[in-house]
Each structure stands twice: as structure tokens, then as C-alpha cells.
Amino acid sequence: MQEKTLLDETDLAIFHAVEIAPRASWATVGAAVGVDPVTAARRWDSMQEANLAWVTCYPLLTREMAAAFLQIQCKVACVRAVAAIIAELPHAMTVEIVSGSSDIFMVACAKSQQDLSELILESLPRIPGVEKILSQPTVATHVDRGLAAAGSMEPGSRSRLPAHDRGTLVPSTGRTDDLDWAICMELSRDGRSSVAALARAVGASESSVKRRVSKLISAGALHVRAALAPAAIPTSAIVWIGLRVPAGDVGEAVSRITPLTGTTYLGLAAGPTNMHVRVALPHLAALEAFEAKIHHINPRIDIEGRMVVLEIVRYASRTFDKHGRVTGTASNDIRASSP
């Protein structure tokens, strides 16, 4: 049984370094944090073995992929049961139980628009307890970073890490095959897996795997991410804010909201609420100040809704219990047919 554990400052700094450069060597991570490589590796291994921190990856991002923000309403007694079922679907990138007019917030992903439509119109409504689904197709993801480590490294130390693109996720135009997906699935389980270990797992040569990983990352198809279990996140409030931004102001809003302290996700959607922002706050009372900053950026931006995250049920390839502890690793192979 995992205990609820808060990581110390050194652990968080190591996590932050890995978050910035997920596959950097321990020598590089240690130099950035100010510890020796053995200490950096030992501390990371302890966090990973305790299921508090790990590196994973998203499904391969291609032009054919389709995604959406889903707000799901359920029968009151069924919310956790429904969330647990949804969290096992390979199409679930994020599943959270939230406050507000909806019970579950889900970021869904499918290999095509047709598959996404089948998920929304056929598969999800068949789950016992689901009463209503509101969907908004995603247009772009401009920011997606972790919930925990902002500010845990000295700013000057970050320059010692390899540059890692954390900006807009631009789908790859390149072709992918079964070997690419096999590599992706292995990295979703352990995103720091060595080339040698990947080669053994997928049955290919090390040179081929190394070349594939480099090509997938440079093409924008493979996005490796560090993650923390909710039980280890040193924040007390995570909130989704839905914004209506005038069309001509979207670009400026993205550039000015992105650097605000606490912004962990910013995505655009096709719908009246055309921008979704996830903010991690030290306490819920800080939400008013954050929203005041948005109003200061542009008074014409309307706040359309707020969802306070009550429980995180899935993020990327991991699922969690109500205490925020890891319960398992779920597939993110979105090529699978919807149940």
C-alpha cells in the first residue's frame, strides 16, 4: 500500500529537471540540480519505485488524430464507477472528477475523427450511469506541463538542460508504422527506458530504435512527459477555467496567459468556450487573483466556467485511486477500436 508522500525540495528539483528534459542523462540532470549523478539516479529510482514519479508519453501525434474536451454528467451514485471505466479506455488522456455542472472532465483522443465520433456518440453513452456528454473538439494545445515542479529549480540551472520544446503540439505529417507504435507503447510505460531495453522489447536493432526515436521526436509525433502521482503533488487546488476569447485576441491571450505562474495547460477548442486553461494553485482562494490577471491581460475575455478538480483518475498512461495513488498502467494505443 502506497503512503501519501510529499517529496522534498531536492526530489522536486530532480523531477523538474526530468520534466524539462525527460531523457537527459543523470550526469546532466545532476549538474542542473546541484547533486552528483548517482544521487540523482538513486532519488529518481526511489520516486519511481514508490509510484510517485515516472516518465511516460502521449500516443503518436499525427495529422489524422482527433481530440476533444468532454464534460460528462452522471448519476450521482455512479460518478466514481463511471470515471474508473472511462479511465481504462486507451482514448482517455485525462480523466478527472470535477465540481460544477459536469461530474467528469475528460480529454479524449482517437486515431481519426470518425473514431472520436464513435467514442462520443456510441461507446461512452453505453456506460451505465452516463446521462449526458458535452463535447468540444480541440483545435490546438499550446501548453501542457506538469502540476508540481514550477519554481523548484533555480532559473539559471535550467540552461544546463537540453532544450525541450514545451510549446504548441504540432501534429507530425510523417507516416508511422507498427514499430513506431510499439516503441511508443514501451515509452508510455517507462519514458526513460534505454535504447537497449526498447530494442529488446520491440524486437528491433538498437540502431534502428535509436533512429526511430530521434525521428519521431524531431517530427513532432512523439512527446515524452514526466508525471507525478496526485498524492505527491504539492498543490492544494487544480482548476479548469473555460474562457471565451474574441477571435482577434486569441494569439495575444495565449502568449500572455501561458507564462502566468500556475498555468499548466492551455488548449483551444472549437466552440463558444474557445480556450481551456488548467491552473495549479497553492489554495483555492488564489483563483480570484489568477482570474484578475486574465482580466488585466484583456478585459474582453469572458470566464465561461470553472471546474475544480476533486479527484484525478487518469493522466496519460497511469490510473489513480481516490487518494491519488497509482492503481495501474493503462494503454494509450488509440488505434484500438472503441468498446
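Residues numbered from 1 in each chain as written. Predicted model: local features only at pLDDT ≥ 70, side-chain atom pairs only at ≥ 80, totals over all residues. Heavy atoms only, no water.

J.: Explain the packing of aromatic side chains to me, and be specific about the residues and the numbers.
T.: Counting across every chain of the model gives six aromatic pairs. Arranged with centres 6.2 Å apart and planes meeting at 90 degrees, the rings of F69 and Y265 form a pair that is edge-to-face. Linking F69 in strand 2 (residues 66–74) with Y265 in strand 8 (residues 263–269), this pair joins segments that are 196 residues apart in sequence. With relative accessibility at 2%, the residue F69 sits in the buried group. Residue class for Y265 comes out buried when judged on its relative accessible area of 6%. Their ring planes at 50 degrees and their centres at 4.6 Å tell us that F105 and W240 sit as a pair that is tilted. A residue pair is termed long-range when its members are at least 10 positions apart, and F105 in strand 4 (residues 104–110) and W240 in strand 7 (residues 237–244) qualify at 135 residues. Both residues of the pair, F105 and W240, count as buried. The rings of F69, F105, W240 and Y265 are connected pair by pair, giving a single aromatic cluster. (Phe/Tyr/Trp six-rings, centres within 6.5 Å; stacked < 30°, edge-to-face > 60°. Helix = DSSP H or I, 4+ residues; strand = E, 2+ residues; numbered from the N terminus. Buried < 20%, exposed > 50% of the residue type's maximum accessible area, 1.4 Å probe, protein only.)

J.: Give a description of helix 4 (residues 79–87) that names residues and reports values.
T.: What helix 4 keeps buried is the set V79, V82, A83, I86 and A87. In an axial view of helix 4, the angular spread of the buried residues amounts to 135 degrees, which keeps them on one side of the axis. Its buried side turned inward, helix 4 meets strand 2, strand 3 (92–98), strand 4, strand 5 (130–144), strand 10 (302–315) and strand 11 (318–320). (Arc of directions from axis to C-beta. Contact = heavy atoms within 4.5 Å.)

J.: Can you lay out the pairing of strand 12 (residues 326–329) for me, pointing to particular residues and giving the numbers?
T.: Here strand 11 runs beside strand 12; their pairing, made up of three bridges, is antiparallel. Across the sheet, the residue bridging to F320 is V326, located in strand 12. The hairpin formed by strand 11 and strand 12 contains five residues between the paired strands, and G324 there has a positive phi angle of roughly 80 degrees. (Pairing = 2+ DSSP bridges.)

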